[in-house]
Amino acid sequence: MQIYSDHVGRFDLRIIHTLDDHDGTPLLVFNGIGASIELLEPVVRGLNLPVIAFDMPGTGQSPLTFVGFGMSDYAWLGINLLDQLGIEMVNVMGVSWGGGVAQHFARHHEHRMGKLILAATSTGQLMVPPNLEVLMHMASPMRYINPSYFKRIAPAIYGGDFRSNARLAIEHSKIMKAPNPFGYIQQLSAMSGWTSAFWIHQLKQETLVMAGEDDPIIPLINARIMAERIPNAMLESFDCGHLFILTRRQQAIASIERFLVH
């Protein structure tokens, strides 16, 4: 596994990949809003296939740079990174906010990808929303900045095991890296007004929709709607919350590998 920083076009990005460790079609992963690659690293290490992920500008150790005003600009970051790595085809996975980027990638760059995985995500602004309290907590990066605040709100926003196991929030806060507030706002702005609801039924990729059964941020009904509307999609739910990819890591890894490899 390699973790390094490099110039990708006009951006300096911190990148993680396992291209030298495994054969096969790489999996390009778009992470959640404000989340750094440290949160994905256990999953990247666990997958028995080549994986590529990176910190968005203003997140983790990628310095803040103006990306653009839309999800398309973030999707192009992925294209530029693939070009630099000399990779023509990938499978694509989007987690939470990154699921919007993954859907945009699937619609506009389908010639560069095979299968699609959408984890803990939705169709954007037109979705069955969380409650107002959750929306208010997600509107700022404070949970990344203030560990005490994060520990207090983690059960309410992440659900699942975070409701019953206080140590999860403590352990999770130790690996969280605060994003640049303007980088967070930039990601938040890109999602504002964006939705795939009007064209998600046109996606051609074989798709795995993964969802937590107790997800306060993205209620499960959203995953069911997506799986029904994408023509070649299947739904797999996990008995946990928004961060099931970490709290049910082995189960999630097995599902990803089964979908992509078999």
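Residues numbered from 1 in each chain as written. Predicted model: local features only at pLDDT ≥ 70, side-chain atom pairs only at ≥ 80, totals over all residues. Heavy atoms only, no water.

Draft legend 1. Highlighting the packing of helix H1 (residues 37–46) against helix H11 (residues 249–261). One way to put it is that H1 packs onto H11 with a least axis distance of 10 Å and a crossing angle of 55°. If you check the angle between H1 and H11, you find them oblique. Crossing of H1 against H11: the hand is right-handed. Residues Pro42, Val43 and Gly46 of H1 form the contact with H11, whose participating residues are Arg249, Ile253 and Glu257. (Axes fitted to C-alpha atoms, helices over the stretch in contact; angles between N-to-C directions. Helix = DSSP H or I, 4+ residues; strand = E, 2+ residues; numbered from the N terminus. Parallel < 35°, antiparallel > 145°, perpendicular 65-115°, else oblique. Left-handed = near helix turned anticlockwise from the far one by under 90°. Contact = heavy atoms within 4.5 Å.)

Draft legend 2. Layout of the sheet that holds strand E3 (residues 27–30). Strand order in this open sheet of eight strands is E1-E2-E4-E3-E5-E6-E7-E8, and the pairing throughout is mixed. Only two strands of the sheet have a single neighbouring strand rather than two, namely strand E1 (2–8) and strand E8 (233–238). Within the sheet, the average angular offset between the axes of one strand and its neighbour, ignoring direction, is 25°. Sheet topology note: the E3/strand E5 (residues 90–95) ladder contains four bridges and is parallel. Residue pairing across strands places valine 29 opposite methionine 93, the latter belonging to E5. Seen against the sheet, H1 touches E1, strand E2 (11–17), E3 and strand E4 (51–54) and runs at an angle of roughly 25° to E2. (Pairing = 2+ DSSP bridges.)

Draft legend 3. Representation of the pairing of strand E7 (residues 207–212) within the structure. Taking burial as the measure, the six residues of E7 include six buried ones, the bulk of the element. Of the two faces of E7, both are covered, the one formed by Thr207, Val209 and Ala211 as well as the one formed by Leu208, Met210 and Gly212. Pairing of strand E6 (residues 113–119) with E7, which is carried by four bridges, proceeds in the parallel orientation. What sits directly across from isoleucine 117, in E7, is leucine 208. In this view, the connection linking E7 to its parallel neighbour E8 by way of helix H9 (residues 220–229) has right-handed handedness. (Buried < 20%, exposed > 50% of the residue type's maximum accessible area, 1.4 Å probe, protein only. Right-handed = clockwise from strand over helix to strand, strands pointing away.)

Draft legend 4. A look at the packing of aromatic side chains. Scanning all chains against the criterion turns up nine aromatic pairs. On the numbers, 6.2 Å between centres and 80° between planes, the contact of phenylalanine 30 with phenylalanine 54 is edge-to-face. Taken as a pair, phenylalanine 30 in strand E3 and phenylalanine 54 in strand E4 lie far apart in primary sequence, 24 residues in all. For the residue pair phenylalanine 30 and phenylalanine 54, the accessibility class agrees, reading buried in each case. Plain terms: the ring middles of phenylalanine 66 and phenylalanine 69 are 5.0 Å apart, the flat faces sit at 65° to each other, and that makes the pair edge-to-face. The exposure class assigned to phenylalanine 69 is exposed, which follows from its relative accessible area of 72%. Among the aromatic side chains, those forming a connected cluster through ring pairs are Phe30, Phe54 and Phe105. We note lysine 115 situated over the ring of phenylalanine 259; from NZ or CZ to the ring centre the distance is 5.0 Å. (Phe/Tyr/Trp six-rings, centres within 6.5 Å; stacked < 30°, edge-to-face > 60°. Lys NZ or Arg CZ within 6 Å of the ring centre and 35° of its normal.)

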